[in-house]
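If you want the building blocks of each chain, they are given just below.
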Amino acid sequence: MTPTSALHAPQLIANSEMLYLVWIPADKEAAAALVPDGLTPRTDGAVYMNQYLIRDAGQTSNGAEAVDGFGVYSLTYLGADLAGLDTEAGTPARWWTHYFNSSESMNRYAEERGVPASPGNTTLEADGGRIVATTSIDGRPVIRTTARFDDSLARGTGQLRYITRDPETQEFISGRYPFVMDSHGGFAVESLEFLDPSHDVYALRPADPLEVTFGFYSPDITFCYPGGEGPLGSFHGS
């Protein structure tokens, strides 16, 4: 594949505002069907979503790039937790099923690395200890998350791990994404709405009653995108 992005991995993203959730889906079989052969969904069927914003191009390590800089952007991505590929700290590896980004150049960068990138817009509106995150595609809201939090902040560090597939070789690639963040205490999800049954992302809708197994709201998280890539099973991609 001929590269279409002038940027090289990894890229640093600083001071993002982020809402991250993991939950049990309503239809575990439909969610599991989005995971390709060669990877195994977790037995509990858990799926995840990240909704985040970059409000200034200077928050990215490519902010000064005249060509292919990510710029100001918003992103929602979703997928399935995987079995047997946890990080050393016990965080599950994850497979991307959907990726809705407002930045055309970032979509090109991600697509080259096997991410299912497509256009979309995300808003995060926090006020009075409550946050509402809305993901829209073609101007139509498809996902809305509402959560509450308090004023306390706690420092968190670690690595996330996402598995992609090389677009040329179809080889699975493991990516390590280190992060440092401050997250609000008192976090609790009030609702998670999938608003468009006609969109294929609806396969990941939550069970009723809602069962969130992990989540946080961070007003300030810094991470690499992507970092530490290597073939699945290699030392770098273990």
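Fair warning: this is a prediction, and the values are worked out from it, not measured in the lab.

Peer 1: Give a description of the packing of aromatic side chains that names residues and reports values.
Peer 2: Throughout the structure, instances matching the rule amount to 22 aromatic pairs. Each ring, one from Tyr-20 and one from Phe-214, has its centre 6.4 Å from the other, and the planes form 70°; the classification is edge-to-face. Taken together, the residues Tyr-20 in strand S1 (residues 11-23) and Phe-214 in strand S12 (residues 212-225) connect sequence positions 194 residues apart. Given the relative accessible area of 42%, Phe-214 is considered partly exposed. Aromatic side chains Tyr-77 and Trp-96 sit 5.4 Å apart centroid to centroid with 85° between the ring planes, which places their arrangement in the edge-to-face category. Here the residue Tyr-77 occupies a position in strand S3 (residues 73-81), and Trp-96 occupies one in strand S4 (residues 94-101), the gap between them amounting to 19 residues. You can call Tyr-77 buried: its relative accessible area is 5%. Overall, the relative accessible area of 3% leaves Trp-96 in the buried class. Positioned over the ring face of Tyr-109 is Arg-113, at 3.7 Å from the centre of the ring.

Peer 1: Give me the pairing of strand S8 (residues 140-148): which residues, what numbers.
Peer 2: Along any regular strand, the residues point their side chains to alternate faces of the sheet. With 8 bridges connecting them, strand S7 (residues 130-137) and S8 associate as antiparallel partners. Each bridged residue has a counterpart across the sheet, and for Arg-130 the counterpart in S8 is Arg-148. Taken together, S7 and the strand that follows it, S8, pair antiparallel across an intervening segment of 2 residues, in which Asp-138 is found at a positive phi of about 55°. When S8 meets strand S11 (residues 188-194), the two strands line up antiparallel, connected through 6 bridges.

Peer 1: Any details on unusual backbone geometry? Residues and values, ideally.
Peer 2: A cis geometry characterises the amide bond from Ala-9 onward to Pro-10, with omega recorded as 0°. With respect to the helices and strands, Pro-10 occurs in the segment before S1. Of note in the backbone geometry, Asn-15 takes a positive phi value of approximately 60° without being a glycine. Counting through the fold element by element, Asn-15 comes out in strand S1. Phi at Asp-138 takes a positive value of approximately 55°, unusual for a residue other than glycine.

Peer 1: An account of the pairing of strand S6 (residues 121-127) is needed here, citing residue identities and associated values.
Peer 2: The pairing of S6 with S7 spans 7 bridges and is classified as antiparallel. Within S7, the position partnered with Asp-127 by the bridge is Arg-130. Hairpin connection between S6 and S7: a loop of 2 residues separates the two successive antiparallel strands, and Gly-128 in this loop has a positive phi of roughly 60°.

Peer 1: Residues and numbers for the environment of Leu-53, please.
Peer 2: Along the chain, Leu-53 turns up in strand S2 (residues 47-54). Exposure remark for Leu-53: the relative accessible area of 9% places this residue in the buried category. With 65 residues separating them in the primary sequence, Leu-53 and Ser-118 have C-alpha atoms 16 Å apart. When neighbours within four sequence positions are excluded, Leu-53 is seen to be in contact with Ser-16, Glu-17, Tyr-73, Ser-74, Thr-122, Thr-123 and Leu-124.

So, how was this worked out
- Residues numbered from 1 in each chain as written.
- Predicted model: local features only at pLDDT ≥ 70, side-chain atom pairs only at ≥ 80, totals over all residues.
- Heavy atoms only, no water.
- Phe/Tyr/Trp six-rings, centres within 6.5 Å; stacked < 30°, edge-to-face > 60°.
- Helix = DSSP H or I, 4+ residues; strand = E, 2+ residues; numbered from the N terminus.
- Buried < 20%, exposed > 50% of the residue type's maximum accessible area, 1.4 Å probe, protein only.
- Lys NZ or Arg CZ within 6 Å of the ring centre and 35° of its normal.
- Pairing = 2+ DSSP bridges.
- Contact = heavy atoms within 4.5 Å.

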